Amino acid sequence: DPQQLELVTSGKRKLRRFIVIDEVVDELYGSKVREYFEENNVQYKILALPTTEETKSMDLVLNILQEVQNFSIDRRTEPIIAIGGGVCLDIVGLAASLYRRRTPYIRVPTTLLSYVDASVGAKNGVNFLQCKNKLGGYTPPVASFLDRSFIQSIPRRHISNGLGEILKMALMKHKGLFDLLKSHGKYLLDTKFQSYSGSADHGDAALQTTRIAIETMLEELAPNLWEDDLDRLVDFGHLISPELEMRVLPSLMHGEAVNIDMAFMTYVAHVRGLITAEEKEQIIQCMKGLELPVWHGGCSWPLIKRALMERLKHSGGQPRMPLPTGLGIAEIFNDTSEETLERAYKLWVRD
């Protein structure tokens, strides 16, 4: 808006920003964030919060909204900024969507998982009654700012966690991305997705991997942003994992739970004859190479059955089960029998 731009650049009105930052990120980068706003003469309020799966609740949303109200932002020209992992981006997105019916917000992901997953799309939400993301909505941010330098300070396990969601897109849609992960997985873990000159053997694997993961995610989400069509390849790894993740909190991270789900579904695809034994083995070995868990004791047969029943409730009475039909290609299936699932489960447990 030229008028708003004129107002800001003429200096007649001071820029104001409300920022919610994860408390761990604040310890690492808070001083730089404050310095940035001070150098640009911005009046700001920074709210540092513990944003974890255990604190991802309406209570935290209301806490944020109380502070937003106290700061008194302009709901058209002063976007709320969220700096943190996926939980932080989800919580702030929901808070912004509720405040004055819709206040713009900006996502700044600081983990690999949020960089390739939560930064893309329109969804936000919080956990409710021990159910993952049971309350939420669809309000896209006005922008997502992607800066891989944040990722260099996160622990190796968190890198692996993000690789779970990247592998999901590779298995569903992109054989080239799968090959990149197979060839450069350890290198990406070792370098924490930073780009270095002098690593000619690897090209710019970090940039290629994140770019392809985000582009394939956008291809899937953009035409179906509000999930009018419930047949979604991006649901691979998300049929059993929500139940498993909430059941064993905090022992599994999101990407790890997703990978355990994907490992089981890889066995389902094999038992159905959709992929060969060799392709199954390639997928499992790639997962191990990315240091992701391929099995968990908490993922029992009763839990799997319960999770799939829950799936039917919110997917129009159909399981809508995405399964690989090769490396980098997939289809949605509604006809997987319980007998097939049980055979796959026994084979998975045995291995």
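Residues numbered from 1 in each chain as written. Predicted model: local features only at pLDDT ≥ 70, side-chain atom pairs only at ≥ 80, totals over all residues. Heavy atoms only, no water.

Novice: It is not clear to me how the UniProt feature "domain: 3-dehydroquinate synthase N-terminal" (unreviewed entry) in the chain should be interpreted in this structure. Could you clarify?
Specialist: Per the UniProt record, the feature "domain: 3-dehydroquinate synthase N-terminal" (unreviewed entry) sits at residues 48-160. Along residues 48-160 the backbone is 35% helical and 25% strand, and the end-to-end C-alpha distance reaches 26 Å. (UniProt positions renumbered as here; feature names shortened; annotations may be inferred. Helix = DSSP H or I, 4+ residues; strand = E, 2+ residues; numbered from the N terminus.)

Novice: Sorry, what's going on with the domain arrangement of the chain here?
Specialist: One frequently used descriptor of interface size is the decrease in accessible area upon assembly of the parts. Looking at the assigned domains, one finds that the chain contains domain 1 (12-151) and domain 2 (156-224 + 231-350). One C-alpha centre belongs to domain 1, the other to domain 2, and the line joining them spans 27 Å. For the pair domain 1 and domain 2, the two sides together bury roughly 1900 Å², of which 68% comes from carbon and sulfur. Its largest share of buried area at the contact with domain 2, domain 1 owes to L112, L113 and R148, together 33% of the area lost on that side. Counting across the interface, domain 1 meets domain 2 through two salt bridges. With a shortest N-O distance of 3.3 Å, K132 and E245 are connected by a salt bridge. Counting every contact that joins domain 1 to domain 2 gives five residue pairs in polar contact (both at pLDDT 80 or more). For the side of domain 1 that touches domain 2, the elements supplying multiple residues, two or more each, are α5 (112-118), β5 (123-128) and β6 (131-138). If one sorts the elements of the side of domain 1 that touches domain 2 by residue count, α5 sits on top with five residues. (Domains from an automatic or database assignment. Buried area = accessible area lost by both parts, 1.4 Å probe. Salt bridge = Lys/Arg side-chain N within 4 Å of Asp/Glu carboxyl O. Polar contact = N/O pair within 3.5 Å; in protein donor to acceptor, adjacent residues only side chain to side chain.)

Novice: Looking at this structure, I do not really get the side chain of E279. What am I missing?
Specialist: Structurally, the position occupied by E279 is in helix α11 (residues 277-289). Despite its burial, E279 pairs with no opposite charge; the closest candidate is K175, at 8.4 Å N-O. With residues near it in sequence (within four places) discarded, E279 still touches G326 and L327. (Buried < 20%, exposed > 50% of the residue type's maximum accessible area, 1.4 Å probe, protein only. Lys, Arg positive; Asp, Glu negative; His and termini not counted. Contact = heavy atoms within 4.5 Å.)

Novice: Looking at this model, I keep getting lost on the side chain of E245. Mind explaining?
Specialist: Its place among the elements puts E245 in helix α9 (residues 241-248). Accessibility expressed as a relative area gives 1% for E245, which makes it buried. A polar side-chain atom of E245 sits 3.0 Å from a polar atom in the side chain of H254.

Novice: Sorry, what's going on with the pairing of strand β4 (residues 105-109) here?
Specialist: With five of five residues buried, β4 lies mostly within the body of the structure. Neither face of β4 is left uncovered, since the one carrying Y105, R107 and P109 and the one carrying I106 and V108 both have all their residues buried. Of the pairings in the sheet, the one linking strand β3 (residues 80-84) to β4 comprises five bridges and is parallel in character. The partner of G84 across the bridge, within β4, is P109. This β-α-β element, β3 to helix α4 (residues 86-98) to β4, shows right-handed connectivity. Of the pairings in the sheet, the one linking β4 to strand β7 (residues 143-144) comprises two bridges and is parallel in character. By the bridge assignment, R107 is partnered in β7 with S144. (Pairing = 2+ DSSP bridges. Right-handed = clockwise from strand over helix to strand, strands pointing away.)

Novice: Hey, could you run me through the sheet that holds β7 in this one?
Specialist: Neighbouring strands of a sheet are bound in pairs by backbone hydrogen bonds; such pairs are parallel or else antiparallel. Here we have five strands laid out as an open sheet, ordered β2-β1-β3-β4-β7, and parallel in their pairing. The open sheet has two edge strands, β2 (43-49) and β7, and neither has a second partner. Two strands pair when backbone bridges link them, and strand β1 (residues 16-22) and β2 are joined in this way by seven bridges, in the parallel orientation. When the sheet's bridge partners are listed, F18 is paired in β2 with K45. Those strands touched by helix α2 (residues 23-39) are β1, β2 and β3, and its axis lies near 160° from that of β1. Seen against the sheet, helix α3 (residues 58-71) touches β1, β2 and β3 and runs at an angle of roughly 165° to β2. (Axes fitted to C-alpha atoms, helices over the stretch in contact; angles between N-to-C directions.)

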